[in-house]
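# Chain and residue survey
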Amino acid sequence: MAGLVVGGVTITHPERKVFGEDGPSKGEVAAYYEAVARWMLPELRHRPLSLVRCPQGSTGPCFFQKHHAGTLGAHVHPVTLEEKGGDEAEYIYVDDVRGVLELVQMNTLEFHPWGARADTPDKPDRMIFDLDPAKGVAWKAVVAAARAIREHLSAAGLESFVRSSGGKGLHVVAPIRPGPPWAKVKSFCEGVADALVAEKPKLYIAEASKAKRDGLIFIDWLRNTRGATSVTGWSLRARPGAPVAMPLRWEEIARLKSGGAFDLTKALKRAKALEADPWEGIATLKQALPSG
């Protein structure tokens, strides 16, 4: 089949199945991202990105890519950032749907932005708590954990937002005014996670050790560091069934059955029916990270 033009970008091999024989094709993935771009781009644009690229589809080998390459497309931009060792490297960002589609053409399935903008990489403006339940943990416990984090943040004067991860759990995201250094943001997030563990040590864990997680929900606060990323809302996940990380209203989470409740088809249906962004207001909230 000849290339398919989606949003002005030629998608080659659009018929190729990228989520197994019964899943969506590359062309359908491109059409999906074009359809949801209105909702996805506000959280994605002008932030350094890590991509999950799967040249043989989600059932084959996939890899993370964070550095820019000229082959990625004319609307996929480089930004020079300092790395841990002090060296500089060109990272990736996009500003529009054409950039997203050029990355899909290069077999990108997942989009993971930084918690800071490309022009101010050392001034984080997002905090994220990733709730990762161990096998067998009930969904209602994950919902309760997200609400508990929301309450802790609210007590600190911070409004927060929630999304399904496209996997097993939920993400709680709080915007902040850019300015505090990464170390301070990380310390604050660690404190919230530790407080929850102290309250309910038989439900939560804040250590990354998988050996200790049995029966618990891991409150992952470690993504709040320079260079760390988290999947963006509306991104597909490179997993069976083409699940989607979905921004939600707080009242919606109890009605779900899992963090992977939305697949490509359900996400498309939701995008067409939405009258307002579930995260409306996140970009204009002017809330400061608590001092101390």
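Residues numbered from 1 in each chain as written. Predicted model: local features only at pLDDT ≥ 70, side-chain atom pairs only at ≥ 80, totals over all residues. Heavy atoms only, no water.

### Overview of unusual backbone geometry
Formally: Each helix is a run of H or I in the DSSP string that is no shorter than four residues. Each strand is a run of E no shorter than two, and both are numbered from the N terminus. The buried label applies to any residue whose accessible area, calculated with a 1.4 Å probe on protein chains only, is under 20% of its type's maximum; exposed applies above 50%, and partly exposed to all values in between.
Look at Asn107: it is not a glycine, yet its phi comes out positive at around 70 degrees. Of note, Asn107 is situated in the loop between α2 (97-105) and β7 (108-113). Positive phi, normally seen in glycine, also occurs at Ala242, with a value near 55 degrees. Here Ala242 lies in the loop between β12 (217-220) and β13 (246-248). Judged by relative accessible area, Ala242 falls into the buried class, the value being 1%.

### Digging into the state of the cysteines
Here is the rule we go by: Cysteine sulfur atoms are paired as a disulfide whenever they fall within 2.5 Å.
Using the criterion set out here, one finds one disulfide in the structure. Put simply, Cys54 and Cys62 are joined by a disulfide, and their sulfur atoms are 2.1 Å apart. The S-S bond linking Cys54 to Cys62 shows a torsion near 115 degrees; that makes this disulfide right-handed. Note on Cys54: relative accessible area 2%, which makes it buried.

### Brief notes about the packing of helix α1 (residues 26-44) against α2
Condition: Axes here mean lines fitted to C-alpha atoms, for a helix over just the part in contact, with angles spanning 0 to 180 degrees between N-to-C directions. We call two directions roughly parallel when the angle between them is under 35 degrees, roughly antiparallel when it is over 145, roughly perpendicular when it lies between 65 and 115, and oblique otherwise. Here a crossing is called left-handed whenever its near helix is offset anticlockwise from the far helix by less than a right angle, and right-handed whenever the offset is clockwise. Whether two residues are in contact is decided by their heavy atoms, any of which lying within 4.5 Å being enough. When residues are sorted by character, Ala, Val, Leu, Ile, Met, Phe, Trp, Tyr, Cys and Pro go into the nonpolar class, Asp, Glu, Lys and Arg into the charged class, and all the rest, Gly among them, into the polar class.
One can describe the packing of α1 onto α2 by two numbers: an axis separation of 9 Å at closest approach and a directional angle of 140 degrees. The orientation of α1 with respect to α2, classified from their angle, is oblique. The handedness of the crossing between α1 and α2 is right-handed. Only Val97, Val100, Leu101, Val104 and Gln105 of α2 make contact with α1, whose side of the interface consists of Lys26, Val29, Ala30, Tyr33, Glu34, Ala37, Met40, Leu41 and Leu44. Looking at the contact of α1 with α2 residue by residue, the class counts come to eleven nonpolar, one polar and two charged.

### Brief notes about the side chain of Ser235
Relative to the assigned elements, Ser235 resides in the loop between β12 and β13. With relative accessibility at 0%, the residue Ser235 sits in the buried group. Apart from residues lying up to four places away in sequence, Ser235 is in contact with Tyr33, Met40, Leu109, Glu110, Phe111, Pro243, Val244 and Ala245.

### Regarding the environment of Val143
Turning to its location among the elements, Val143 is positioned in helix α3 (residues 139-155). Expressed as a C-alpha distance, the spacing of Val143 and Arg255, which sit 112 residues apart in the sequence, is 9.8 Å. The residues touching Val143, leaving out its near neighbours within four places in the chain, are Leu170, Ile253 and Ala254.

### Some details on the pattern of salt bridges
Applicable threshold: Any carboxyl oxygen of Asp or Glu that lies within 4 Å of a side-chain nitrogen of Lys or Arg is treated as forming a salt bridge with it.
Enumeration over the complete set of coordinates arrives at 13 salt bridges. For Glu43, the salt bridge identified is with Arg163, shortest N-O distance 2.6 Å. In this pair, Glu43 sits in helix α1 while Arg163 sits in strand β9 (residues 161-164), placing the two residues 120 residues apart along the sequence. There is no split in this pair, since Glu43 and Arg163 are both buried. Three or more residues are tied together by salt bridges with common partners; here these are Arg249, Glu251, Glu252 and Arg270.

### Overview of helix α5 (residues 264-273)
Going by this rule: The reported arc concerns the directions from the helix axis to the C-beta atoms and nothing else.
For α5, the complete set of buried residues consists of Leu264, Ala267, Arg270 and Ala271. The arc that holds every buried residue of α5, seen down its axis, measures 125 degrees, which confines them to one face. Exposed side chains of α5 directed beyond 90 degrees from the buried face belong to Thr265, Lys269, Lys272 and Ala273. Against α1 and β13 lie the buried residues of α5.

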